[in-house]
Amino acid sequence: MCNPIFNCSFLIVHFQRMFKKINQFLLKIAGWKIKTVVSPLPKCVISVAPHTSNWDFIIGKMLCSAIGYKVSFLMKKEWFFFPLNFILKAMGGIPVNRGKKGQMTDQMIEEFNRHEYFQLVIAPEGTRKLVSEWKKGFYYIALGAKVPIALAYIDFKLKEAGIPMYFYPTGDEQKDIQEIKDFYKNFTGKNSRNFTV
């Protein structure tokens, strides 16, 4: 329970601003540039690619904090054990059973319907290894929840990251996925051989 002397909302906003400044500073001293960024929408799926390294998670979280996004992300439920579960949930982690794909999509659509503010980060590749086909859960979640897809990239060659545009799914899966892949084709992952569109 908050002490009446303090305003909980003020404290939350204060800490968010503080972490935003810290992450902006850390990215800058690490040599990273934040490029074009669209204004955060209350609800969106954030597609992040290329995804070829564990560093993507670290840079991605720092980027989102630095530009004012408060994101949630999916992680295998096996990682949510005591005491790590408290840390992951505080960071926005959502435990999922990857063996039940359809249920996960429905679960995330329900999350969007339940919240006024929900930004969900998903790497379409689904793994750090080279894949020939992207997983389409991110697309069907956005389509089912009627929210746009924020196209976020992390380019290790140029040391640039950004979210320059929103993509609005039309329901034409093949055409839409190809347009999204075309957006990412010129970006370079940390392990560049593990990324292809």
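Residues take numbers from 1 onward in each chain, read along the sequence in its written order. Predicted model: local features are reported for residues with pLDDT of at least 70 only, side-chain atom pairs are reported and counted for 80 or more only, and whole-chain, interface and lining totals are derived from all residues. Excluded from the side-chain calculation are hydrogens and water; included are all heavy atoms of the structure.

(A) Local environment of the nonpolar core. One finds V45, L120, I149 and Y184 to be the most contacted residues of the largest nonpolar core, which totals 29 residues. By definition, any uninterrupted DSSP run of H or I lasting at least four residues is a helix, any uninterrupted run of E lasting at least two residues is a strand, and each is numbered from the N terminus. Listed by contribution, the elements that provide at least two residues to this core are β2 (43-49), β4 (93-96), α4 (101-114), β5 (118-122), α5 (137-145), β6 (149-155) and α6 (173-184). Ranked by the residues each element gives to this core, the list is headed by α5, at five residues. Here a residue-residue contact requires only that any non-hydrogen atoms of the pair lie within 4.5 Å. In this structure I149 touches V45, S47, F138, Y139, A142, M165, Y166, F167, P169 and I180, once residues within four positions along its chain are discounted. Within the second largest apolar cluster, 22 residues are counted, among which are I59, L63, V71 and I163. Definition used in this section: a nonpolar core is a set of buried Ala, Val, Leu, Ile, Met, Phe, Trp, Tyr and Cys residues joined via side-chain atoms within 4.5 Å. We call a residue buried when its accessible area falls under 20% of the maximum for its residue type, exposed when it is over 50%, and partly exposed in between, using a 1.4 Å probe and counting protein chains only.

(B) Looking closely at the sheet that holds β2. For two strands to be treated as a pair, DSSP must find no fewer than two bridges joining them. The seven strands lie next to each other as β1-β7-β6-β2-β5-β3-β4, forming an open sheet whose pairing is mixed. Of all strands in the sheet, those bounded by a partner on one side alone are β1 (33-37) and β4. Ignoring which end each strand starts from, the neighbouring axes of this sheet average 25 degrees apart. Two strands pair when backbone bridges link them, and β2 and β5 are joined in this way by five bridges, in the parallel orientation. Residue C44 lies in a different strand from β5, and its bridge partner there is Q119. Docked against the sheet, α5 engages β2, β5 and β6, running at close to 165 degrees with respect to β2. Here an angle of 0 to 180 degrees is reported between the N-to-C directions of two axes, which are lines fitted to C-alpha atoms, with helices fitted over the stretch in contact.

(C) Expanded view of the side chain of S72. Among the structural elements, S72 can be located in strand β3 (residues 71-76). The class for S72 is buried, based on a relative accessible area of 14%. Those residues within four positions of S72 in sequence are excluded, and the remaining contacts are G92, I94, F118, Q119, L120 and V121.

(D) Broad picture of the pattern of salt bridges. By convention in these notes, a salt bridge is any Lys or Arg side-chain nitrogen within 4 Å of a carboxyl oxygen on Asp or Glu. Considering all chains together, one arrives at three salt bridges under this definition. Here E133 and K136 are joined by a salt bridge, their closest N and O atoms 4.0 Å apart. Look at K136 and you get partly exposed, because its relative accessible area is 27%. For the salt bridge of K175 with E179, the shortest nitrogen-to-oxygen distance reads 2.6 Å. With a gap of four residues between them, K175 and E179 both fall in helix α6, about one helical turn apart. We classify E179 as partly exposed; its relative accessible area is 36%.

(E) Main features of the packing of aromatic side chains. Put simply, two rings from Phe, Tyr or Trp (the six-membered ring, in Trp's case) pair if the centres are within 6.5 Å, and we call them stacked under 30 degrees between planes, edge-to-face over 60, tilted for the rest. Evaluated as defined, the whole model comprises 10 aromatic pairs. Ring centres of W134 and Y184 lie 5.9 Å apart, and the angle between their planes is 65 degrees; on these two criteria the pair is classed as edge-to-face. Linking W134 in the loop between β5 and α5 with Y184 in helix α6, this pair joins segments that are 50 residues apart in sequence. Judged by relative accessible area, W134 falls into the buried class, the value being 5%. Through a chain of ring-to-ring contacts, the aromatic side chains of W134, Y153, F183, Y184 and F187 assemble into a single cluster. For a lysine, the NZ atom is tested; for an arginine, the CZ atom; a charge sits over a ring if that atom is within 6 Å of the ring centre and within 35 degrees of the ring normal. The ring of W134 is capped by K181, whose NZ or CZ atom sits 5.6 Å from the centre of that ring.

(F) Spotlight on a nonpolar patch on the surface. Patch membership requires more than 30% relative accessible area and the absence of a salt bridge. Residues of like charge join within 9 Å; the nonpolar side chains Val, Leu, Ile, Met, Phe, Trp and Tyr join within 5 Å. Working definition of accessibility: Shrake-Rupley area with a 1.4 Å probe, residue cover restricted to the visible protein chains. A cluster of nonpolar residues, M18, F19, I22, F25, L26 and I29, forms a patch on the protein surface that exposes about 560 Å² of accessible area. Relative to the assigned elements, F25 resides in helix α1 (residues 8-29).

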